[in-house]
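What the coordinates show
As a plain string of letters, each chain reads:
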Amino acid sequence: MRKLFTYVLVAAAAMAGFTSCSDDDNNDPQLFELPAESKTMTPSNGLTFVSNGQSLSDVTLQYVPAADGKSAILDIFGSNASRAASRAESPVIAPGDVLPGAASVSINVTPKFEADRATFEGDAESTYCTFHYDGTITATTIQVNFTNIVMKNGVIISTLTFTDADVDHMLELTYNGAPLMGKTVSFKPDASDFKRAVLTLAGQALDLTDLLATAQLPVDLSKLSKIQTPGVIPGTSSFELPVVLGDDNAFSGSAETAFVTFNYEGQVASEKLVFNITEAKLKNAPLSENKWYVPHYFYNEDTWEYEGNPVHFVWESSAKFNIDLGGLVLPLQPAALVGMMLQMGLIPQDDNETASITQMISRSLKTIEFQPDGNIIAGYVENGKVGGPVIQSPAGLAQYVIASDGTLLLYLNPQAIIMNVMKAQNEAAKSRAIDFSKYQATIDGLAEMLARCVSEGFPITYANGIYKAATEEGEDSEFINTDDNLSVYANTEFILPILKAVAPIFNDEEVRQTIMNLAGQNEDFAAMAPMLDGILKSVPDVVEGTTKIEAGIILTKNEPIVSETPAE
């Protein structure tokens, strides 16, 4: 997470530096120049004027440029010469006015110049309100827009959007006492009664355009450039909440969504919205009744077997993987092959040893709590260090709702996904260039699916029990129901479409050769690298013949005893 923030800060600093060094003095002859003569404009000859979302036609604009051509004064007049004092503080733009209680206003603009226009924005005030303005000047037109209008007595008459990244409209949002980041709350006042408003709670759109460009990834992930993050309330991407404003624009009440009941209280001003969600509870939370532990994976010297496997993995297919053993081709069931790979020591450790994926899951992830409010709290050990302290993940990093019996929707903080994307800039990109453009349609489809799941939730199956694989002695596979265990996994309906989209890529010899080259660079995997070509060639047939595939984790109610010999 710290690395992500570094990327964001570097990108922000770069943008700030670029802006501060840009030439706003308009000395470039290729840039637009402000009209040199004063002129009067109306909607009939090129003026567009909008105030608080209303397009006004009874206005006149007097344009007066500065002598240096770098700025201008815009005097905007409504059809009224004055307004009665008794109506002046009314939070309404009366006919003939340009702002509440104001038939005219003057703004001094210093634009930024582009090839064919100049754009401007800023904040200003009239007698009775403050407002934000923006607009465009061309050779023949002027557009002016007034937004964020707030009366000086505190009445908000414009729609305002608050986020934790906007210093002018700051959002302070908590969920059962824990701060929520990356969310947005829009405040829309009722034009007929400014003591009423609608708050729209949603996830903030995350723009990764610059981040992906900086990463120089070997694939085009432009479909991930903008990701809509999960909503404020678990299970609801966007929720409209009507509120009644009291003294000092404070509000409170209770509400519910399809999945959650909650209370709320807060206060709104033009510069900040404080919004606290309290006593939030899932309407259905069967998994919250227990704290779940990850089994301790170890080698039992008495039975000569590994015990406490935390991995739930099933792969049933009519086809098998072909392993080339130097002339002898050995067919192997998909689940058996993946099981072998999960046990291989592929992950380097600080002591110059290696650990398997299964070992690292058991060493790193210790507990999972599905809390009644929809938060998922994980107890984990950094880097899977044996004997290291268990750290609790913060609330808001992962959330869930029960979509139906046996199915939950998992909502992840998109930053975790961003970090995995950034890791693609590794030795794979340096080892050998692959022309991924021919697979762009596949990449785009998977990226769009990922972005959709980030916003709408990843479908996850859960069931009390453990899967027992088929044995070489002929025993069939079966799922054994036990109250003491919980299997949580992605099912066939989710995984198989992904595999079917990716499988054709393995018909490409260039892709297979690149994977084999990478495998050969790993000392523990190098001996198996020559066998990979046959395995990779088998992928399309194995995927086509797949009838069932599941991947996830096994949890237990009972805290494991860790005195046994750790799995080596």
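Keep in mind that what you see is a predicted model, and the values were worked out from it rather than measured.

Our next topic: the pattern of salt bridges. Pairing between side chains of opposite charge can happen when the charged atoms of each approach one another. Taken as a whole, this structure holds nine salt bridges when the rule is applied. Notably, a salt bridge pairs K152 with E125, separated by 2.6 Å at the nearest N-O pair. Residue K152 is located in the loop between β10 (142-151) and β11 (160-163), and its partner E125 is located in strand β8 (residues 118-125); the two are separated by 27 residues in the primary sequence. Judged by its relative accessible area of 52%, E125 is exposed. Residues D533 and K537 are paired through a salt bridge, measuring 3.3 Å at the closest nitrogen-oxygen approach. Here K537 and D533 lie together in helix α10 (residues 532-544), a separation of four residues that amounts to about one turn. For D533, a relative accessible area of 21% puts it in the partly exposed group. Through salt bridges with shared partners, one network takes in K438, D508 and E510.

In this section: the sheet that holds strand β5 (residues 72-78). Hydrogen bonds between backbone groups are what pair the strands of a sheet, and the pairing can be parallel or antiparallel. Read across the sheet, four strands follow the order β1-β4-β5-β6 without closing on themselves; strand pairing throughout is antiparallel. At either margin of the open sheet sits one strand with a lone partner, and together these are β1 (39-41) and β6 (104-109). When the angles between neighbouring strand axes are averaged without regard to direction, this sheet yields 20°. The pairing of β5 with β6 spans six bridges and is antiparallel. Note that in β6 the partner of D75 across the bridge is S106.

Parameters at a glance
Residues numbered from 1 in each chain as written. Predicted model: local features only at pLDDT ≥ 70, side-chain atom pairs only at ≥ 80, totals over all residues. Heavy atoms only, no water. Salt bridge = Lys/Arg side-chain N within 4 Å of Asp/Glu carboxyl O. Helix = DSSP H or I, 4+ residues; strand = E, 2+ residues; numbered from the N terminus. Buried < 20%, exposed > 50% of the residue type's maximum accessible area, 1.4 Å probe, protein only. Pairing = 2+ DSSP bridges. Axes fitted to C-alpha atoms, helices over the stretch in contact; angles between N-to-C directions.

Treat this as a map of the structure, not an account of what it does.
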